[in-house]
Amino acid sequence: MVPLSPHSFKRLQFFCIFEQKAHFSMSRSRHWRRPVQTVRETGAKQLRRLKKMEKVDYTEWSNERLVERISHLENELKNNLVATGSDTPAPERKTWKKPRHEREFDPSKYNTRLVAFKLAYLGKKYNGFEHHTGNTTPLPTIEEELWKAFNKARLIFPKGSHPLEPGEVNWDGCEYSKCGRTDKGVSAFGQVIGIRVRSNRPMVKRKPVIEGEINGATKDMHNTLARDDGIEIGSPTLMPSRSCPPSAEPENISILDPEFQETLNFDPIADEIPYCSLLNRLLPPDIRILAWCPFPPPDFSARFSCRERQYKYFFTNPCFPPVPHNLEPQRSKKNAPHMKDGWLDIEAMKEAAKLFEGVHDFRNFCKCDPSKQITNYERMIYHSSIEQEADVTASLFHFGDDDYVTDIQKPGYTYPDTFTFNLHGSAFLWHQVRHIVAILFLVGQGLEKPSIVTELLNVEKNPCKPTYEMASDTPLILWDCIFPQEGDKSRTDALQWLYVGDGPKNAESKYGPGGLLDDLWKNWRERKIDELLAGTLIDVVTHQGVAPGDAESGKMKNKSQKIFDGGDIPKLQGTYKSVMNKPKMEDVRSQNDRYAVRKGFESAEHWKAQGFKRVKSTDRPGMMLGENGVVDAEEMDVDGGDVEMRDAA
């Protein structure tokens, strides 16, 4: 008899054990246990079968018989695994939980209320705030994430949607409005939306009526519109001159009426749904609800009630790494700026920033969109300044050495400094802030004089915008939105905001484990460590090798001019050409006329005379009717009023 190899013997040993336990099951503690015995396998019959299995003596078997036995057990194991549909024998698990059955949600049983939310988000990972139906974007929008959170929390209940699969964004039926429409990459720390949401306030106890039927007609309740007999508290209107009187006198409600007793005893803050905490648990970590307004005016619109929007644009000085003096490129005096490459003249920027204050025509500081047919580009700027921020970045100590600074900077001072451009205005045109910042950076680099602002604001002398590039999007923040009372010259926010953590026994939502500050700290620390490591690496590399003053350059003559646009690295532009010498675009009227002709009209004035109706496809091939046959009123500025085109970003 030929002896078995060690490998074959181990396989035989495994299958022998498996054969003895093939009819057993495994417990949760990973131990084999006997199966539940049936009637046919009890008593002497089972004992005889088990004794027969135990009496098998494989030492007497031949190699051929052993190999045959192994093959048989392998096939049996394979068939068992195929039958169970898994690669490993799965242990049996018993659960005592009852199967979860989703209850049918009845919107008619819930009261609603109009509220406002103040939210913050970091826009770098998002394709802007606004979602456009049917427009697929490479990154999600902020509105898409809000839509998912509001649906999952059942704060709104649109028809045909599921909390886990809400489908396409559609804010119809919930009185939704937004203050600003920030572009891709732009952040916001004070964005405001208005929306009507589900409330905990009990419904008025009326006599039972057939569900969904009123006066014989079926009423669709898949919305958060004001409920019949609903009681709601609101603050006075912000714009009395524009508000419409109520269509009917309100019903007299007595506090002694038993039908209204429960709903009148409701505390609209303490007894209400914790909206901020609930939404923050469902939103991504870089989108957070900061506050809510329980009592906005009945006619509140986050867009049209806002009278001031505040923006901040962050930048550093130096704005990009300066090179040692002995390695600077040699340029002619005609083309050389008075500032050393990398440094910004903050005082010149402050002088230029002040020229924007007041009412001006900003057609040379925005991106024209002929589809909106804008004719009035005048906007009010309340405040424009350059301010130094607190030390929020890691210092790169070598930038304070004599090899990098000039007399304008402070030798021995720790750089970079952090600055912000602050701009407050009633409303802004499309990309207005980023165009303004681009001009300020050219002034700061010494490539333009502060008087360039005055020249571009003089639209009678310069009606056509020069083709200069706007600043980067990431450092821009929609800082705050202000809703003052009509006629308030100080523009004090009249909305009563309740911030996260305010109120009795609510501190946990801000300072407790998993609270708002925990979430924000995690976001900040991750980026702070990246900043510290990157800054330390710059200092390490700078001090390696020969001293900067002893470094020798190769071909550094006539190097391209570096242009700072707010991004991470400067752009190379060859020989710099001043803004007023750049090619000019068409004037605004010509752009509007050309677009109107494409739509089948003689001119922009002809289109306006027709009420901006679109040409029917039967009148002109290729022309389609818009929704309801007209252009959305929000997308037009027919009266030249105080309305944004899209957003300042």
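Attention here is on the structure that accompanies the text. (Residues numbered from 1 in each chain as written. Predicted model: local features only at pLDDT ≥ 70, side-chain atom pairs only at ≥ 80, totals over all residues. Heavy atoms only, no water.)

### Examining the overall build of the protein
Looking only at helices and strands, one finds 13 helices and 16 strands in the protein. Partitioning the intrachain contacts of the protein with sequence separation of at least 6 by distance along the chain shows that 76% fall at a separation of at least 24. Carbon together with sulfur atoms contributes 53% to the accessible area of the protein, which is approximately 38,100 Å² in total. (Helix = DSSP H or I, 4+ residues; strand = E, 2+ residues; numbered from the N terminus. Contact = heavy atoms within 4.5 Å. Areas by Shrake-Rupley, 256 points an atom, 1.4 Å probe, with all protein chains shown as cover.)

### Remarks on the pattern of salt bridges
Applying the stated criterion to the full structure yields 17 salt bridges. With its nearest N and O atoms 2.9 Å apart, the salt bridge here joins arginine 363 to aspartate 361. On the basis of relative accessible area, aspartate 361 is assigned to the buried category, the value being 12%. We note a salt bridge from lysine 372 to aspartate 369, for which the minimum N-O separation is 3.0 Å. The same class applies to lysine 372 and to aspartate 369, which are both buried. (Salt bridge = Lys/Arg side-chain N within 4 Å of Asp/Glu carboxyl O. Buried < 20%, exposed > 50% of the residue type's maximum accessible area, 1.4 Å probe, protein only.)

### Comments concerning the nonpolar core
Among soluble globular proteins, nonpolar side chains are generally buried collectively. By size, the foremost hydrophobic cluster in this structure holds 100 residues, and its most contacted members are Phe117, Phe150, Trp171 and Ile195. In terms of residue count, the dominant contributor to this core is helix H8 (residues 432-444) (nine residues). With five residues, the next largest nonpolar core counts Tyr595, Ala596, Phe601 and Trp607 among its residues. (Core = buried A, V, L, I, M, F, W, Y, C linked by side-chain atoms within 4.5 Å.)

### So, the packing of helix H7 (residues 346-354) against H8
Packing of H7 against H8 leaves a shortest axis separation of 8 Å and a crossing angle of 145°. For the element pair H7 and H8, the recorded crossing hand is right-handed. Judged by residue contacts, Ala348, Met349, Ala352 and Ala353 of H7 engage Leu440, Phe441, Val443 and Gly444 from H8. (Axes fitted to C-alpha atoms, helices over the stretch in contact; angles between N-to-C directions. Left-handed = near helix turned anticlockwise from the far one by under 90°.)

### A short note on the state of the cysteines
The final tally for this structure, using the stated rule, is zero disulfides. Not engaged in a disulfide, the cysteine cysteine 366 finds its nearest cysteine sulfur in cysteine 368; these two sulfurs lie 6.7 Å apart. Relative accessible area serves as the criterion here: at 1%, cysteine 366 is assigned to the buried category. (Disulfide = S-S within 2.5 Å.)

### Here's the deal with the pairing of strand S12 (residues 417-425)
The element S12 is largely enclosed, with a buried count of nine among its nine residues. Of the two faces of S12, both are covered, the one formed by Asp417, Phe419, Phe421, Leu423 and Gly425 as well as the one formed by Thr418, Thr420, Asn422 and His424. In the sheet, strand S9 (residues 308-317) pairs with S12 via nine bridges, with the strands oriented antiparallel. Counterpart to arginine 309 in the pairing with S12 is glycine 425. In the sheet, strand S11 (residues 378-388) pairs with S12 via seven bridges, with the strands oriented antiparallel. For serine 384, the partnering residue across the bridge sits in S12 and is leucine 423. (Pairing = 2+ DSSP bridges.)

### Overview of the packing of aromatic side chains
In total, this model carries 20 aromatic pairs according to the counting rule given. When the ring of tryptophan 147 is compared with that of tryptophan 171, the centres are 5.2 Å apart and the planes differ by 85°; the resulting orientation is edge-to-face. Placement of the pair is tryptophan 147 in helix H4 (residues 142-152) and tryptophan 171 in the loop between H4 and strand S4 (177-178), with a sequence separation of 24 residues. We note that tryptophan 147, like tryptophan 171, is buried. Their ring planes at 20° and their centres at 5.6 Å tell us that phenylalanine 601 and tryptophan 607 sit as a pair that is stacked. In terms of burial, phenylalanine 601 and tryptophan 607 fall into one category: buried. Aromatic ring contacts, followed pair by pair, group Phe117, Trp147, Phe150, Trp171, Tyr176, Tyr275 and Trp292 into a single cluster. The side chain of arginine 65 reaches across the aromatic face of tryptophan 61, ending 3.7 Å from its centre. (Phe/Tyr/Trp six-rings, centres within 6.5 Å; stacked < 30°, edge-to-face > 60°. Lys NZ or Arg CZ within 6 Å of the ring centre and 35° of its normal.)

### Some words on a nonpolar patch on the surface
Side chains of Tyr511, Leu517 and Leu520 sit close together on the surface and give an oily, nonpolar patch of about 290 Å² of accessible area. With respect to the helices, strands and loops of the structure, leucine 520 is situated in helix H11 (residues 516-542). (Patch = residues over 30% accessible without salt bridge, like charges linked within 9 Å, V, L, I, M, F, W, Y side chains within 5 Å.)

### Some points on the environment of glutamine 591
Among the secondary structure elements, glutamine 591 is positioned in helix H12 (residues 588-598). Each C-alpha atom, one on glutamine 591 and one on serine 371, is 9.4 Å from the other, the two residues being 220 residues apart in sequence. Non-local contacts of glutamine 591, meaning those with residues more than four positions away in its chain, are made with Cys368, Pro370, Met585 and Glu586.

### Brief notes about the pairing of strand S5 (residues 187-199)
Judged by how many residues are buried, S5 sits mostly within the fold: 12 of 13 residues are covered. For strand S3 (residues 111-121) and S5, the ladder comprises 10 bridges, and the chain directions are antiparallel. Residue pairing for S5: valine 115 is matched across the bridge by isoleucine 195. Summarising the sheet, S4 and S5 pair through two bridges and their orientation is antiparallel. Within S5, the residue paired with serine 177 across the bridge is glycine 194. Where S5 lies against strand S13 (residues 476-482), two bridges are found, and the strand directions are parallel. Its bridge partner lying in S13, serine 187 is registered against isoleucine 477.

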